[in-house]
Amino acid sequence: MAAETGGLQVGAEVRGKVRHLGIYGALVDIGRGQDALLHISQLAQNEKRRFDEVARLGSEITAFVYKTRQDGYVALTMEKPPPVPWATIRQGKAYTGQVIRVEDFGVFVDFGAERPGMVHVSEMSDNYVRSPSDVAAVGQEVRVRVLKKNGRSRQIDLTMKSAPEETAIHDDEDEAEDVPTAMAQAFQRAMRGEAVVEAETNHQQNDRSNHRDKQEEILARTLRGSQS
């Protein structure tokens, strides 16, 4: 039966017992019914000891959740994660951060991730921005949203523009009554369009079939001529 990972958040601190050591790392019992994996590459950056000295067989260790899956798989790391772990960063998610650098092309914002995100000058305002320094300064607190993240280069693109507004829903009863009619008309138009497309498709198929027949006839005549 798959182990439960519900409630176990990326970045959470856990304590467990090392049950197995291998060339890839260690399997750690963290009380979830399925051992978590501490890969050999996940030692803390300032750790001077060897992996088998940090995670000795049978020893109790403190680690942090690096990754989880629905099937119960949990990966650990000895490196304390940043306040905003990489795995939790999603497109459209908003954060409050601090401008730490201003360049001609934009600004860099520290919002608690493993590295700052960049806001291009074209994403700094809903209005035209001539220079990033006209909008932001080092140390300024800003609200940003994630445009995208690149796992290979570990780059994070941000925006300071307003979030797109959701389409308003009208409760007007008259408009509501018109909806089925409009939908029915659209459906009828689509059906008529499909009929036209089908007729055109059949016509095109017939043309192609006739064209192939003519090609085969010409080829046959050519072969007969060469044999006489």
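Note that the coordinates shown come from a computational prediction; the quantities given were computed from them, not determined experimentally.

## Considering the sheet that holds strand β1 (residues 13–22)
Pairing in this closed barrel of 5 strands is mixed, and the strands run β1-β2-β3-β5-β4 around the ring. Between one strand axis and the next, the sheet turns through 50 degrees on average, direction left out of account.

## Digging into the nonpolar core
If you look at the biggest cluster of nonpolar residues, it comprises 20 residues, and the most contacted ones within it are Ile89, Val109, Phe111, Val119, Val144 and Leu158. For this core, the secondary structure elements donating two or more residues are β6 (94–103), β7 (106–110), β9 (141–150) and β10 (155–159). Counting residues per element, this core draws most heavily on β9, at 3 residues. The contact partners of Val119, leaving out residues within four places of it in the chain, are Phe105, Gly106, Val107, Val109, Met124, Val144, Leu158, Thr159 and Met160. Counting 18 residues, the second-largest nonpolar core is a separate cluster that includes Ala26, Ala36, Ala55 and Val74.

## A few points about the sheet that holds β7
One closed barrel holds the 5 strands; their spatial order is β6-β7-β8-β10-β9, and the pairing between them is mixed. Going from strand to strand, the sheet's axes swing by 50 degrees on average, the running direction of each strand aside. Relative to β10, β9 runs antiparallel, the two sharing 5 bridges. Across the sheet, residue Lys148 finds its bridge partner in β10, namely Asp157.

## Description of the pairing of strand β5 (residues 74–77)
The alternating pattern of β5 places Val74 and Leu76 on one face and Ala75 and Thr77 on the opposite face, and all of these are buried. Sheet analysis places strand β3 (residues 36–39) next to β5, joined by 2 bridges and oriented parallel. Looking at the pairing, Leu37 lines up with Ala75 of β5. When strand β4 (residues 60–68) meets β5, the two strands line up antiparallel, connected through 4 bridges. Residue Phe64 lies in a different strand from β5, and its bridge partner there is Thr77. Two successive antiparallel strands, β4 and β5, enclose a turn made up of 5 residues, where Gly72 displays a positive phi of approximately 100 degrees.

## Focus on the pattern of salt bridges
As enumerated under the stated definition, the model contains 8 salt bridges in all. When the shortest N-O distance is used, the salt bridge between Arg49 and Glu47 registers 2.8 Å. The class of Arg49 is partly exposed, set by a relative accessible area of 43%. The class for Glu47 is partly exposed, based on a relative accessible area of 25%. Here Asp71 ties to Arg69 by a salt bridge, and the two come within 3.2 Å at their closest N and O atoms. Here Asp71 falls in the partly exposed class, since its relative accessible area comes to 38%. For Arg69, a relative accessible area of 43% translates into the label partly exposed. A single network of salt bridges, built from pairs that share partners, joins Arg50, Asp52 and Glu53.

## Overview of the confidence of the model for the protein
Taken residue by residue, the protein gives an average pLDDT of 78. The fraction at 70 or more is 69%. Of the regions scoring below 50 in pLDDT, residues 166–192 engages in 1 contact with residues more than four places distant in sequence or in other chains. Low pLDDT, under 50, characterises residues 194–199; the stretch is placed with 0 contacts to residues that sit more than four places away or in other chains.

Procedures and definitions
Residues numbered from 1 in each chain as written. Predicted model: local features only at pLDDT ≥ 70, side-chain atom pairs only at ≥ 80, totals over all residues. Heavy atoms only, no water. Pairing = 2+ DSSP bridges. Helix = DSSP H or I, 4+ residues; strand = E, 2+ residues; numbered from the N terminus. Axes fitted to C-alpha atoms, helices over the stretch in contact; angles between N-to-C directions. Core = buried A, V, L, I, M, F, W, Y, C linked by side-chain atoms within 4.5 Å. Buried < 20%, exposed > 50% of the residue type's maximum accessible area, 1.4 Å probe, protein only. Contact = heavy atoms within 4.5 Å. Salt bridge = Lys/Arg side-chain N within 4 Å of Asp/Glu carboxyl O. pLDDT = per-residue confidence, 0-100.

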